[in-house]
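# Descriptive analysis of the structure
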Amino acid sequence: MKTAPRHEIVELTLAEVDRVEPLWKAMVAHHREVVAGAWPVRDEEPAWRLRRAEYVDWLSSGEGTMLAALPPGQPEAAPLGYAVLLPNPVGATWELGDRVGEIESLAVAAEARGEGVGTALLDAARERFREQGFEFWSVAVVEANEGAIKLYERAGLGPYYRHLLGRIEP
């Protein structure tokens, strides 16, 4: 006997950007927790204002796609998670096609973690990228976010570049 899906993946429109605000703010708070003071993290409200403006630009230009995981049959419910997908140029060194599909943002509500929401969003993102003709996809993740790294590795993503950050002392 097949069980009913616990969530469905839908594409959100420009008019629906604000539906993901609580998830974005929770992700910022989660980043603050996982880096444990090692790096400065913006407060949630200014971080959301900046990211919201980017989402609006990406979605209004047609460049970006926003996917959301919703409880089945509840199209107006708060999203359980979301992902924003973008095409990115490829550096001259790498033979990866003309562009790489990038998961710019992926957030899952704390209460929905471990329920397959992140995996379903990644599966939908991979399919969307495949439909758009991408050969490769990527995601950036905070080094200390071990749970997210495991999720991405299960989806077939692996280390490619290591991005290092340091404070410039006066």
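Going by the structure above, here's the rest.
The following refers to the structure shown.

Conventions and cut-offs
Starting from 1, residues in each chain are numbered consecutively following that chain's sequence as written. The predicted nature of this model means local features are confined to residues of pLDDT at least 70 and side-chain atom pairs, given and counted, to a pLDDT of 80 or more, with totals for whole chains, interfaces and linings taken over all residues. The basis for every side-chain value is the complete set of heavy atoms in the structure, and neither hydrogens nor water enter the calculation. Two strands make a pair as long as DSSP finds a minimum of two bridges between them. Only DSSP runs of H or I reaching four residues or more are called helices, and only runs of E reaching two or more are called strands; each is numbered from the N terminus. For every element, the axis is a line fit to its C-alpha atoms; helices are fit only across the contacting stretch, and the angle between N-to-C directions ranges from 0 to 180 degrees. Whether two residues are in contact is decided by their heavy atoms, any of which lying within 4.5 Å being enough. Any Phe, Tyr or Trp ring, taking Trp's six-membered ring, that has another such ring centre within 6.5 Å forms a pair; planes under 30 degrees apart are called stacked, those over 60 apart edge-to-face, and the others tilted. To sort residues, take the accessible area from a 1.4 Å probe on protein chains only and compare it with the maximum for the residue type: under 20% means buried, over 50% means exposed, and anything in between is partly exposed. What a helix is expected to span follows from its residue count: subtract one and scale by 1.5 Å. In this tally, Asp and Glu contribute negative charge and Lys and Arg positive charge; neither His nor the terminal groups of the chain are included. Salt bridges, as used here, are contacts in which a Lys or Arg side-chain nitrogen is within 4 Å of a carboxyl oxygen on Asp or Glu. We define the nonpolar core as a collection of buried residues of types Ala, Val, Leu, Ile, Met, Phe, Trp, Tyr and Cys that are connected through side-chain atoms lying within 4.5 Å of one another.

Take the sheet that holds strand 5 (residues 137-139) next. Strand order in this open sheet of five strands is 1-2-3-4-5, and the pairing throughout is mixed. Looking at strand neighbours, the two that pair on one side only are strand 1 (8-12) and strand 5, the edges of this open sheet. The mean inter-strand angle of the sheet, taken between neighbouring strand axes irrespective of direction, is 30°. Pairing between strand 3 (residues 81-89) and strand 4 (residues 99-108): nine bridges, direction antiparallel. Residue pairing across strands places Val84 opposite Ser105, the latter belonging to strand 4. The strands that helix 1 (residues 21-35) touches are strand 3 and strand 4; relative to strand 4, the one it contacts most, it runs at about 90°.

Turning to the packing of aromatic side chains, a few remarks are in order. One pass over the full model with this rule turns up nine aromatic pairs. Judged by centre distance (6.0 Å) and plane angle (85°), the rings of Tyr55 and Tyr82 are edge-to-face. Residue Tyr55 is found in helix 2 (residues 44-61), and its partner Tyr82 is found in strand 3; the two are separated by 27 residues along the sequence. Judged on exposure class, the residue Tyr55 and its partner Tyr82 are both buried. Between Trp94 and Tyr160, the aromatic rings sit 5.6 Å apart at their centres with planes inclined by 65°, giving edge-to-face as the arrangement. Within this pair, whereas Trp94 is found in the loop between strand 3 and strand 4, its partner Tyr160 is found in the segment after helix 4 (146-154), the two being separated by 66 residues in sequence. An aromatic cluster is built from Trp24, Trp48, Tyr55, Trp58 and Tyr82, whose rings are joined through pairwise contacts.

In this structure, Leu96 sits in the loop between strand 3 and strand 4. The exposure class assigned to Leu96 is buried, which follows from its relative accessible area of 15%. Sequence spacing of Leu96 and Ala144 is 48 residues, and the spatial spacing of their C-alpha atoms is 27 Å. For Leu96, the residues in contact, after removing those within four places along its chain, are Val90, Glu135, Phe136 and Tyr160.

Here the focus is helix 3 (residues 117-131). Each full turn of the α-helix corresponds to 3.6 residues, which orients residues three or four apart in the same direction. With 15 residues, helix 3 extends 21 Å between its outermost C-alpha atoms, agreeing within 8% with the 21 Å of an ideal straight helix rising 1.5 Å per residue. All of the buried residues in helix 3 are Val117, Gly118, Ala120, Leu121, Leu122, Ala125 and Phe129. Against the buried residues of helix 3 lie strand 1, strand 2 (65-70), strand 3, strand 4, strand 5 and helix 4. Positioned one or two residues after helix 3, Gly133 has a phi angle of 85°, which is positive.

What follows concerns the side chain of Glu102. Here Glu102 is to be found in strand 4. Despite its burial, Glu102 pairs with no opposite charge; the closest candidate is Arg51, at 8.2 Å N-O. Excluding its chain neighbours within four sequence positions, the residues that come into contact with Glu102 are Val84, Leu85, Leu86, Asn88, Phe129 and Ser138.

A separate point is the nonpolar core. Burial of nonpolar side chains together is a common tendency in soluble globular proteins. Among the nonpolar cores identified, the biggest contains 41 residues, and Tyr55, Tyr82 and Leu106 are the most heavily contacted of them. Put simply, the parts of the chain that give this core at least two residues each are helix 1, helix 2, strand 2, strand 3, strand 4, helix 3 and helix 4. If sequence neighbours within four positions are ignored, Leu106 has contacts with Met27, Tyr82, Ala83, Gly118, Leu121, Leu122, Leu151 and Tyr152.

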